[in-house]
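Analysis of the macromolecular model
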Amino acid sequence: MESGKGVENAQDNVKKKRKRVSKKSKRSWRKHVDITEIEEHLDEVRRQERTGGVISLKRSEELFYVDKDNDEIENEAGESKVSKVLTGKKRKLKKDDNSDESSDDEARTAAIKNRKNRTQKTGVYDLWASTSNDNSKEDEAVENEHYLKMTKKKAVKQPKTAYKVRSTAPALAVCHPGASYNPTFEDHQTLLHAACEVEIMKEKEIEKIKRQLALPSEEELAKLPSWEEEMSQGLFGEESDGEGGEDSDDGDDDESGTMLPAGGSKERKTAKEKRKANERKKEEQSSKLQRKEKVKENEVFRVKSLKKLMKKDAEKTKERQEKKQKKLVEASSKPQRLGRQKFEEMNIEIQLTDEVSGSLRNMKPEGNLFEDRFKNLQRRNIIEPRRPVMPHRKYKLKEYEKRSYKNFNLQEKLKKKKKS
């Protein structure tokens, strides 16, 4: 028996011994450190937060109260009753033989009302409750809004300018009658004239660019001054002018060679002169005030003329507003500047007199439908004007040799490039 007890004690000693494990790295530290106590403490704190708050952070007044009435009072039914205390408030309900239970009823009703107000303010709703209750439409709207907010299914609020009319231009503009497969002679000629004017403007712009970039002719180069003439321009004339100026300036100096001040010496005013100057200023100010008062008095007799002036101003402002409104209406049908590039109209789709067939079957198709729709969106200010961006490289490709394979021909090419 004694030997058995010795074995048990030995086993207990073995269990109590701690394992010697290296805690050098984070991985081994996390593996062998016991954090059960910390997790239990955190679980307890979370439980307290769910059930009314952490006890360690509360005041002693919120947790305890002093019961001053120790006498037991029996009710009509014979049940014993102790003094009641409402939790969360310092409130004592004393009972005497002559007191009524009206104060208890009032306290209960007040507590019920406070609970209802809290639930209304916090916005807590039962999502799974039946809709058979007679709730008002406002309550249902609030509940739906709360549900959509919590479930994140509420639609994004659109801006006020979402459905704003960007342009008054029609979505599908009718073509010119001269572009028909069987147009009249006059309509066809007017369209040809418009296309011809566009081409003339393009040629003028091209010629202007050529003139600006053109090199000067031999005659113009011969007329240009040489480098020496440009560099020496104005040098000899300045020397001759300077000599004459020096002679003229010698007479202005005094015999001693010192220059007199430009302003000259100013004499100081006496006290009498200063007093007279102040009196003159006061008289001028009083005369100005009198003139202003007279003008105000005389304006009473100018009521008719003032009314006429006001009427004219009102008419002018009205005309100005009408002109501004007309400009806005005209501008609304035209493309606006939305980006870097300006809007450019498509080329006029037209057929020459020889190409007009007169029948829909033999008509030659002109233009591109996709480009037409794209330009129409730009014309109506829905998208900004754009230009096609060609594929290009930001950085040049570099040539290099790998160690696994050496291309000797590449080295020779690189040497030739350097020499050239």
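Residues take numbers from 1 onward in each chain, read along the sequence in its written order. Whole-chain, interface and lining totals are the exception, using all residues; otherwise, since this is a predicted model, local features are given only for residues with pLDDT of at least 70 and side-chain atom pairs are given and counted only at 80 or more. Where side-chain values are given, they derive from all heavy atoms of the structure, hydrogens and water being excluded.

Tallying secondary structure elements over the chain gives 14 helices and four strands in all. Burial classes: relative accessible area under 20% of the type maximum marks a residue as buried, over 50% as exposed, and values in between as partly exposed (1.4 Å probe, protein chains only). Within the chain, the fraction of its 420 residues that count as buried is 7%. A sequence separation of at least 24 residues applies to 49% of the contacts in the chain between residues at least 6 apart. Element-wise, carbon and sulfur atoms account for 52% of the exposed surface of the chain, whose accessible area totals about 42000 Å². Only runs of H or I of at least four residues qualify as helices and only runs of E of at least two qualify as strands under DSSP, and these elements are numbered from the N terminus. Throughout, a residue-residue contact means that at least one pair of heavy atoms, one from each residue, lies within 4.5 Å. Only the protein chains shown count as cover for residues, and the accessible areas themselves come from Shrake-Rupley with a 1.4 Å probe.

Next up on the list: a negative patch on the surface. On the surface, a cluster of negative charge is contributed by Glu-349, Asp-354, Glu-355, Glu-366 and Glu-371. Along the polypeptide, Glu-371 turns up in helix H13 (residues 369-379). Here the term patch refers to residues with relative accessible area over 30% and no salt bridge, with like charges joined within 9 Å and nonpolar side chains (Val, Leu, Ile, Met, Phe, Trp, Tyr) within 5 Å. Salt-bridge detection follows one rule: a side-chain nitrogen of Lys or Arg within 4 Å of a carboxyl oxygen of Asp or Glu. Within this scheme the basic residues Lys and Arg register as positive and the acidic residues Asp and Glu register as negative, but His and the chain ends are omitted. By convention, the point assigned to a charge is CZ for Arg, NZ for Lys, CD for Glu and CG for Asp.

Once that is clear, we can look at the side chain of Ser-167. Summarising the element assignment, Ser-167 is placed in the loop between helix H6 (137-151) and helix H7 (185-213). Exposure remark for Ser-167: the relative accessible area of 11% places this residue in the buried category. Here a polar contact means two N or O atoms within 3.5 Å. Within protein one must be a hydrogen donor candidate and the other an acceptor candidate, and residues neighboring in sequence count only if both atoms are side-chain atoms. In this structure the side chain of Ser-167 is engaged in a polar contact, spanning 3.2 Å, whose partner is the backbone nitrogen of Ala-169. A polar side-chain atom of Ser-167 sits 2.8 Å from the main-chain carbonyl oxygen of Ser-332. Those residues within four positions of Ser-167 in sequence are excluded, and the remaining contacts are Ser-332, Ser-333, Arg-379, Arg-380 and Asn-381.

Before going further, it helps to spend a moment on unusual backbone geometry. One non-glycine residue, Asn-381, lies in positive phi territory at about 60 degrees. Along the chain, the position of Asn-381 falls in the loop between H13 and helix H14 (408-419). A residue is classified by how much of its surface remains accessible, and Asn-381, at 7% relative accessible area, is buried.

Attention now goes to a positive patch on the surface. Together, Arg-268, Lys-269, Lys-272, Lys-274, Lys-276, Arg-280 and Lys-281 give the surface a local cluster of positive charge. Summarising the element assignment, Lys-276 is placed in helix H11 (residues 271-298).

This part takes up the layout of surface pockets. Of the grid points, spaced at 1 Å and generated over the protein atoms alone, those admitting a 1.4 Å probe that cannot get out make up cavities, while open sets with protein on both sides within 12 Å along at least five of seven lines make up pockets; any residue with an atom within 4 Å of a point is treated as lining. Grid points are joined across faces, edges and corners, and a volume is the space filled by probe spheres set on the points. By volume, the largest pocket is sized at about 790 Å³. Looking at the largest pocket, it is lined by 28 residues, and the ones nearest its centre are Cys-175, His-176, Ala-179, Glu-349 and Asp-372. For the lining of the largest pocket, the secondary-structure elements that each account for two or more residues are H7 and H13. With five residues, H13 is the single largest residue contributor to the lining of the largest pocket.

Below, the discussion takes up a nonpolar patch on the surface. A surface patch of nonpolar side chains, amounting to about 260 Å² of accessible area, comprises Ile-35, Ile-38 and Leu-42. Classification of Ile-35 by relative accessible area gives partly exposed; the value is 41%.

Checked against the element boundaries, Asn-347 lands in the loop between helix H12 (303-332) and H13. At 3.1 Å, the side chain of Asn-347 forms a polar contact with the side chain of Lys-202.

Looking now at the pattern of salt bridges. Side chains that carry opposite charge are capable of pairing whenever their charged atoms lie near each other. Counted by the stated rule, this structure contains six salt bridges. Among the ionic pairs, Asp-43 bridges to Arg-46, the shortest N-O distance being 2.9 Å. With Asp-43 and Arg-46 both in helix H3 (residues 36-50) and three residues apart, this pair spans about one turn of that helix. Across the salt bridge formed by Glu-279 and Arg-275, the nearest N and O atoms sit 3.6 Å from each other.

What follows deals with H13. Turning to H13, its buried residues number three or more, namely Lys-375, Asn-376, Gln-378 and Arg-379. Across the axial projection of H13, the buried residues extend over an arc of 160 degrees, all falling on one side. Seen from the buried face of H13, the exposed residues on the opposite side, beyond 90 degrees, are Leu-369 and Phe-370. Taking the backbone nitrogen of Phe-370 as reference, a side-chain oxygen 3.3 Å away marks Asn-368 as the first, capping residue of H13. Taken from the residues just after H13, Asn-381 is the one with a positive phi, measuring 60 degrees. Here the arc refers to the set of directions running from the helix axis out to each C-beta atom.

Turning to the side chain of Gln-48, a few remarks are in order. Relative to the helices and strands, Gln-48 is located in helix H3. Taking the relative accessible area as the measure of exposure, Gln-48 reaches 14% and is therefore buried. At 3.2 Å, the side chain of Gln-48 and the backbone nitrogen of Ile-55 are in polar contact.

A few words on the packing of aromatic side chains. Pairing of aromatic side chains requires ring centres within 6.5 Å, counting the rings of Phe and Tyr and the six-membered ring of Trp. Pairs whose planes differ by under 30 degrees are stacked, by over 60 edge-to-face, and all others tilted. Following the criterion strictly, the structure yields one aromatic pair and no others. A ring pair is formed by Phe-370 and Phe-374, whose centres lie 6.5 Å apart and whose planes are at 10 degrees; its orientation type is stacked. Linking Phe-370 with Phe-374, this pair stays in helix H13, spanning four residues, or about one helical turn.

This next bit is on the confidence of the model for the chain. The predicted coordinates should not be examined in detail at positions where pLDDT is low. Looking at the chain as a whole, the pLDDT averages 75, with 69% of positions reaching at least 70. As a per-residue quantity, pLDDT reports the predictor's confidence and falls between 0 and 100. Note that pLDDT drops below 50 for residues 240-255; the model gives that stretch two contacts with residues more than four away or on any other chain.

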